[in-house]
Amino acid sequence: MPGSLWAVLAVLGLLPGWIFLVKREKHLRGATRSGLGELLQVAAVGVGLTGTALLIWSIISEAIAPFGFVSLNELARSGGIYLAAHPRHVISTLALVLSAACLLALLLAAYIYRSLHDAYKPGSSWEQAFSGVPQGKGIWLGVQLTEGPLVEGLLHSFDIAEASDGNRDIVLKHPIYVTVDDARGVTELDRLVISSEHTQYMSAIHIDLAREDSTA
């Protein structure tokens, strides 16, 4: 293929990676990554799935060529001349490869997270503790700080290993409660960032977000 066509395919190939990332974040609610981490994941997954789709097309190209798609044999024989003479075939083939790659992204995400509700899950315990939240529910965290107070609130977001350099923070959102010496009171804070360095232990329960919004 000409270099310009490879460049177009490379850019379009980011779409399957983005689809996989969206499906991943749907299952791992609240997880945050660095911008570079997200870009690398999108690129890696996109290139891998687009390459797989290209391989599948190369196997069946001659069978589907009569239906308006690029013939791999003709492409190998004539190169750019063949592509220039059949622009519609090029567009339909690019659309086919991209659609197949996007479908593979959906299937890959469904396969990886098929056992999300199993009792035991692989990966970081920090990340998995906050995943698998039912639709319409939120995570209510109780965080026992090493300094003494117990802090409670709805989970807003949290760091994972790729973005935190080993130190993981969590962010709670309103309403936020603090308990000191058995005296529990609500604060006026909208957000509270808590570092893992100052956390002794945490507890988590799933609560109805609609109910919490009505009582906040």
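Residues numbered from 1 in each chain as written. Predicted model: local features only at pLDDT ≥ 70, side-chain atom pairs only at ≥ 80, totals over all residues. Heavy atoms only, no water.

Caption draft 1: Geometry of the overall build of the protein chain. Helix and strand content of the protein chain: 9 helices and 7 strands. Relative to its 216 residues, the protein chain shows a buried fraction of 36%. For the protein chain, the accessible surface area stands at approximately 12500 Å², while carbon and sulfur atoms represent 61% of it. (Helix = DSSP H or I, 4+ residues; strand = E, 2+ residues; numbered from the N terminus. Buried < 20%, exposed > 50% of the residue type's maximum accessible area, 1.4 Å probe, protein only. Areas by Shrake-Rupley, 256 points an atom, 1.4 Å probe, with all protein chains shown as cover.)

Caption draft 2: Representation of the pattern of salt bridges within the structure. In this structure the tally under the stated criterion is 2 salt bridges. Between Glu74 and Arg77 there is a salt bridge; the shortest N-O distance is 2.7 Å. Linking Glu74 with Arg77, this pair stays in helix α4 (residues 72–78), spanning 3 residues, or about one helical turn. Its relative accessible area of 29% is what places Glu74 among the partly exposed residues. Relative accessible area serves as the criterion here: at 58%, Arg77 is assigned to the exposed category. Ionic pairing is found between Arg184 and Glu152, a salt bridge with its closest N-O pair at 2.8 Å. One end of the pair, Arg184, is in strand β5 (residues 183–186); the other, Glu152, is in strand β3 (residues 150–159), and 32 residues separate them in sequence. On the basis of relative accessible area, Arg184 is assigned to the partly exposed category, the value being 48%. (Salt bridge = Lys/Arg side-chain N within 4 Å of Asp/Glu carboxyl O.)

Caption draft 3: Region of the structure containing the environment of Ser196. Among the structural elements, Ser196 can be located in the loop between β6 (191–195) and β7 (199–208). Linking Ser196 and Ile170, residues 26 residues apart in sequence, is a C-alpha distance of 7.7 Å.

Caption draft 4: Highlighting the nonpolar core. The biggest cluster of nonpolar side chains holds 21 residues, and the ones touching the most others in it are Trp57, Val70, Leu75 and Leu83. Those elements giving two or more residues to this core turn out to be α2 (14–27), α3 (35–64), α5 (80–85) and α6 (87–112). Counting residues per element, this core draws most heavily on α6, at 8 residues. Counting residues in hydrophobic clusters, the runner-up holds 13 residues, among them Val133, Ile139, Leu141 and Ile176. (Core = buried A, V, L, I, M, F, W, Y, C linked by side-chain atoms within 4.5 Å.)

Caption draft 5: Structural detail: the side chain of Thr179. Its place among the elements puts Thr179 in strand β4 (residues 169–180). Residues contacting Thr179, with those up to four places away along its chain left out, are Pro149, Leu150, Glu152 and Arg184. (Contact = heavy atoms within 4.5 Å.)

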